[in-house]
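Structure at a glance
Given next are the chains, with one letter for each unit.
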Amino acid sequence: MTLLVTVFAAVISTVIWYKNAPDDEMKLSVLCWMFWGSSIMWTVDAVFEYVEIGAEFFRPSFEDMLNDTYLGISVIALALVIWIVVLLIKDPKGAVKKTLLNNEKNKK
Amino acid sequence: MACFIVPAVEAIVTTVASKAIENKKTETSYAAEVVNEQVKIPFSRKLRWLTNLLLGGSVLLMFEHLWHGEIVPWFPFLTATSNPQDTVEMLHEMATAGVTMALLTTAIWGVMLLVAHIVETKANSAENSEDNA
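First, a word on what this report is: a plain description of the structure on this page. This is a predicted model, so every value here is computed, not measured.

1. What about the overall build of chain A?
On a plain count of helices and strands, chain A comes out with four helices and zero strands. Overall, chain A shows an N-to-C arrangement of helices and strands of α-α-α-α. Expected size for 108 residues packed as a compact globule is a radius of gyration near 13 Å; at 19 Å, chain A overshoots this value by more than 25%. In terms of its C-alpha atoms, chain A occupies a principal-axis envelope of roughly 70 × 30 × 20 Å.

2. What about the interface of chain A and chain B?
Taken together, the contacts link 20 residues of chain A with 24 residues of chain B. Here chain A meets chain B over a buried area of about 2000 Å², counting both sides, of which 84% is carbon and sulfur. When the buried surface of chain A facing chain B is broken down by residue, Trp33, Ile40 and Met41 of chain A rank first, second and third, together holding 37% of it. At the surface where chain A touches chain B, the tally comes to zero salt bridges. In this assembly, chain A and chain B are joined by two residue pairs in polar contact (both at pLDDT 80 or more). If one sorts the elements of the side of chain A that touches chain B by residue count, helix H2 (residues 28–53) of chain A sits on top with twelve residues. Along the lines of polarity and charge, the residues of the side of chain A that touches chain B split into 15 nonpolar, four polar and one charged.

3. Concerning the packing of aromatic side chains
Ring pairs (aromatic) are described by centroid distance and by the angle formed between their planes. This structure, assessed with the given rule, holds eight aromatic pairs over all chains. A centroid spacing of 6.0 Å and a plane angle of 85° characterise the contact between Phe75 of chain B and Phe77 of chain B, whose relative ring orientation is edge-to-face. We classify Phe77 of chain B as partly exposed; its relative accessible area is 44%. Pairwise contacts between aromatic rings join Tyr50, Phe57 and Phe58 of chain A into one cluster.

4. Things to note about a nonpolar patch on the surface
Residue and element names in this part refer to chain A. On the surface, Met1, Leu4, Phe8, Ile12, Ile16 and Met65 cluster together into a nonpolar patch covering about 560 Å² of accessible area. At four residues, the largest contribution of residues to the nonpolar patch is made by helix H1 (residues 2–20). Position of Ile12 relative to the elements: it lies in helix H1. A relative accessible area of 51% means that Ile12 is categorised as exposed.

5. Here we look at helix H3 (residues 43–67) of chain B
Its 25 residues give H3 of chain B an end-to-end C-alpha distance of 36 Å, which sits within 8% of 36 Å, the value for a rise of 1.5 Å per residue. Gly69 of chain B occupies a position one or two residues after H3 of chain B and carries a positive phi of about 75°.

6. Points about unusual backbone geometry
That bond from Ala21 of chain A to Pro22 of chain A is cis: its omega, 5°, falls within 30 degrees of zero. You can see Pro22 of chain A is positioned in the loop between H1 and H2. Put simply, Phe75 of chain B and Pro76 of chain B share a cis peptide bond, and its omega is 5°. In this structure, Lys27 of chain A is a non-glycine residue whose phi angle is positive, near 55°. Tracing the chain through its elements places Lys27 of chain A in the loop between H1 and H2. Its identity as a non-glycine residue notwithstanding, Asp91 of chain A has a phi of 45°, on the positive side. Here Asp91 of chain A shows up in the loop between helix H3 (62–90) and helix H4 (95–107).

Thresholds applied
- Residues numbered from 1 in each chain as written.
- Chains lettered and ligands numbered in written order.
- Predicted model: local features only at pLDDT ≥ 70, side-chain atom pairs only at ≥ 80, totals over all residues.
- Heavy atoms only, no water.
- Helix = DSSP H or I, 4+ residues; strand = E, 2+ residues; numbered from the N terminus.
- Rg over C-alpha atoms; globule rule 2.2 N^0.38 Å.
- Contact = heavy atoms within 4.5 Å.
- Buried area = accessible area lost by both parts, 1.4 Å probe.
- Salt bridge = Lys/Arg side-chain N within 4 Å of Asp/Glu carboxyl O.
- Polar contact = N/O pair within 3.5 Å; in protein donor to acceptor, adjacent residues only side chain to side chain.
- Nonpolar A, V, L, I, M, F, W, Y, C, P; charged D, E, K, R; others polar.
- Phe/Tyr/Trp six-rings, centres within 6.5 Å; stacked < 30°, edge-to-face > 60°.
- Buried < 20%, exposed > 50% of the residue type's maximum accessible area, 1.4 Å probe, protein only.
- Patch = residues over 30% accessible without salt bridge, like charges linked within 9 Å, V, L, I, M, F, W, Y side chains within 5 Å.
- Areas by Shrake-Rupley, 256 points an atom, 1.4 Å probe, with all protein chains shown as cover.
- Expected span 1.5 Å × (residues − 1).

Right under this line is the structure:
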């Protein structure tokens, strides 16, 4: 379930990135890299689990599914927080800088 | 248990390598690329794609391991190191799943390089044919 949630997140973020490409003013590529990277790694995890437990892999218990979904959503939340931090630090539009400088000017 | 460590280490290696290539490039080969006037994506940039994939994946996987209690924010960080049997299992997982993760990510990056090469070749041949016309 975590893999599925992440793959959906990867596809959605890539579609939004592609819509604005080659401009990457919102740094959406950061989200794409994170989601695709983790999707690849969780695919390997899934294959190893499938080899170990066989068809049972496709019949998870309700509790496991719920926990994995909760984990998937938490992973997306973490990725979004990382993305926002990167966006504000890199500040490609210079909005943070302008806001800070304007506030300083208004104080004077 | 700690499979994400393998791609994370590879990410560190590729980061150092791309920085080294970037530094070297500013000193020497950048001018040559401009003179040739050929569309060519610098290798350091291509290497950064791999770094981004590895690093992004490792960070989210690290969170998953934290979620499952396999890593903790205090020493020795990896709960599997508390007893030898778990340590052996962890090392086995790193050697199998971890290495496979790193290899698959690198293989996918290889495909990306191939696609980038085809795009570069097409762009250069289109430019050449325009020049000849």
